Amino acid sequence: MDTEEYHRRIANYIKRDNNPEFDAKLEEFLNLSSYVSGGYDDSESFNRLNAHLKQVEEHARQVCYSRGINRIIVEKPFGKDLESCRELLNELKKYWREEETYRIDHYLGKEMVKNLLVLRFANVAMNAAWDKNSISNVQITFKEPFGTEGRGGYFDEFGIIRDIQQNHLLQVLSILTMERPVSFSPEDIRDEKVKVLRAIPPVVRKDTLLGQYVASNGKPGYLDDDTVPKDSMCPTFAASVLWIHNPRWEGVPFILKAGKALNEAKVEVRIQFKDVTQGIFADISRNELVVRIQPKEAVYLKLNTKSPGYDFRAIPTEMDLTYKNRFTEAAIPEAYEVLILDALKGDHSNFVRDDELDVAWKIFTPILHWIDGKEGERPKPESYPYGSRGPARLDAFIESYGYKRTQGE
């Protein structure tokens, strides 16, 4: 791929608006964008990249009359386990200081993930019920309606836990459960995230459900992908239960679910509250707070209300804050837009710190080594049909941790 082709590709992803200066601004941006083709395992490629960066730096010095500021954005995966993560961290630190390094997890730039801080700490009514005394269980769910589709070579090396749970969903969990930061400064926020992650022990086998999709309804199974080894036992679905050993969350299960080739595209947080005191209201639905991260960003609260009319009975209903209905004129930026702008501004708030990354791998490395066959025989994932909700045992697995399906679901 040459520079012209690179410009053509990136231009296709830039959303056109009604600004009369759009074309001129796009051309200006493309002229500032460059691409150096090469291989990760080719030293000559890095020599060409280094030579190109020197040209860019020289131009910047001529324009800005200064040496400028160095910043590097590093995309995941940050290693494959704790050991490789630490090796990568140490190598990077030889050349880049921590304040120059921006480890990007684009979920931290998503509107509804950023909104969790406001929902929690700017609403007294919400924050008062945000602990083990009121909450029964929490589910953080990622669902994709498509499989690897010929891209299984990369996926088979990493699997669904490395691809989604250890980073995206764990980041959501840390913001959902951390204590109130002293301020909104980057280090105060990240200090609290690290503190709560350190209270989570490694995931154990009995708290894990693994699955792999098979052909169904004309769609190919994971092992039908030509880029996937025919004997692969790589999970394309995983449900992992995490526990936080601190005074706020002791005993509350946090169920992380992620899968490919499922029945819909959805990322959401579902907080289910405990049953009301038995007596006049028996066997009624539990309250739930649902934060839909994508698609169609929304926050809605499931609660019980009196049925209209003469009958005096409680029925479940919803208080619904769907963003496209409430904020009709708002334009929600893409997550990468937000994070790249933060990096340009030097704001680390929504980037992953080195000690945060280290403790995140501590939580998942033991279970990953089991899945990889480094600790005995590899577990065989349970089959589930392409386009289903996941393994047949999923509902029973979730219910074993206290989840009760809401009436009408």
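The structure this text deals with has already been given above.
Figured I'd write up the structure that's included with this text. (Residues numbered from 1 in each chain as written. Predicted model: local features only at pLDDT ≥ 70, side-chain atom pairs only at ≥ 80, totals over all residues. Heavy atoms only, no water.)

Notes on the overall build of the protein chain
Selection criterion: Helix and strand assignments follow DSSP, with helices taken as H or I runs no shorter than four residues and strands as E runs no shorter than two, numbered in order from the N terminus. Three labels apply to residues, based on accessible area from a 1.4 Å probe with only protein chains included: buried if under 20% of the type maximum, exposed if over 50%, partly exposed otherwise in between. We call two residues in contact when some of their heavy atoms are within 4.5 Å.
The helix and strand tally for the protein chain stands at 12 helices and 11 strands. Overall size of the protein chain, expressed as C-alpha extent along the three principal axes, is 80 × 50 × 45 Å. Across the 409 residues of the protein chain, 44% fall into the buried class. Partitioning the contacts of the protein chain with sequence separation of at least 6, the portion at a separation of at least 24 is 72%.

Looking at the packing of helix H4 (residues 82-93) against helix H11 (residues 354-371)
Applicable threshold: A fitted line through C-alpha atoms represents every axis, and for helices the fit uses only the stretch in contact; the resulting angles, taken between N-to-C directions, go from 0 to 180 degrees. Should an angle lie under 35 degrees it is considered roughly parallel, over 145 roughly antiparallel, and from 65 to 115 roughly perpendicular; all remaining angles are considered oblique. Should the near helix be turned anticlockwise from the far one by less than a right angle, the crossing is left-handed, and should it be turned clockwise, the crossing is right-handed. Here the nonpolar group is Ala, Val, Leu, Ile, Met, Phe, Trp, Tyr, Cys and Pro; Asp, Glu, Lys and Arg are the charged ones; every other residue, Gly included, is treated as polar.
Running from N to C, H4 and H11 cross one another at 165°; their axes reach a closest spacing of 9 Å. Classified by the angle between their axes, H4 and H11 sit roughly antiparallel to one another. By crossing handedness, the relation of H4 to H11 is classed as right-handed. The residues of H11 that touch H4, namely those facing Leu82, Cys85, Arg86, Leu89 and Lys93, are Asp354, Leu357, Asp358, Trp361, Lys362 and Thr365. Of the residues in the contact of H4 with H11, the class split is five nonpolar, one polar and five charged.

Things to note about the sheet that holds strand E9 (residues 298-306)
For clarity, the cut-off: Strands were regarded as paired on the criterion that DSSP finds at least two bridges between them.
The strand order across the open sheet formed by nine strands is E10-E9-E8-E7-E3-E6-E5-E4-E11, and the pairing between neighbours is mixed. The outermost strands of the open sheet, each flanked by one partner alone, are strand E10 (314-322) and strand E11 (382-385). Looking at each pair of strands side by side, their axes are set apart by 20° on average, direction ignored. Note that strand E4 (residues 208-214) and E11 share four bridges and pair parallel. Following the sheet pairing, Tyr213 is matched in E11 by Tyr384. Against the sheet, helix H5 (residues 111-121) contacts strand E8 (288-294) and E9, and its axis sits at roughly 145° relative to E8.

Here's the deal with the environment of Arg48
Take Arg48: it is sitting in helix H3 (residues 43-64). Take Arg48: its relative accessible area is 38%, and that puts it in the partly exposed class. Along the backbone, Arg48 and Glu337 are 289 residues apart, and their C-alpha atoms lie at a distance of 28 Å. Each residue touching Arg48, except ones within four places of it in the same chain, is listed here: Val36, Ser37 and Gly38.

Some details on the packing of aromatic side chains
The relation between two aromatic rings is expressed through the spacing of the ring centres and the mutual angle of the planes. Put simply, the rule reads: Here is the rule: rings of Phe, Tyr and Trp (six-membered ring for Trp) pair when centre to centre is within 6.5 Å. Planes less than 30 degrees apart are stacked, more than 60 are edge-to-face, and the remainder are tilted. Should the NZ of a Lys or the CZ of an Arg lie within 6 Å of a ring centre and within 35 degrees of the ring normal, that charge is described as sitting over the ring.
This model, assessed by the stated rule, comprises 12 aromatic pairs. Geometrically, the ring pair formed by Phe237 and Tyr384 is edge-to-face, given 6.0 Å between the ring centres and 65° between the ring planes. Taken as a pair, Phe237 in strand E5 (residues 237-242) and Tyr384 in strand E11 lie far apart in primary sequence, 147 residues in all. Summarising the aromatic geometry, the rings of Trp243 and Tyr401 are spaced 6.1 Å apart at their centres and angled 50° between planes, so their arrangement reads as tilted. With a gap of 158 residues between them, Trp243 in the loop between E5 and strand E6 (254-259) and Tyr401 in the segment after helix H12 (394-399) connect regions that are remote in the sequence. By relative accessible area, which is 25% here, Trp243 ends up partly exposed. Its end group placed over the ring of Phe158, Lys80 keeps NZ or CZ at 5.5 Å from the ring centre. Taking the ring centre of Tyr107 as reference, the NZ or CZ of Lys110 above it sits at 5.1 Å.

Focus: the side chain of Asn167
The condition that has to hold: In protein, a polar contact means a hydrogen-donor-capable atom and an acceptor-capable atom, both N or O and within 3.5 Å, with residues adjacent in sequence counting only if both atoms are side-chain atoms; elsewhere, any N or O pair within 3.5 Å suffices.
Of note, Asn167 is situated in helix H7 (residues 152-177). From its side chain, Asn167 meets the backbone oxygen of Arg162 in a polar contact 2.6 Å long. The contacts of Asn167, once residues within four sequence positions are left out, are Lys76, Asp105 and Arg162.

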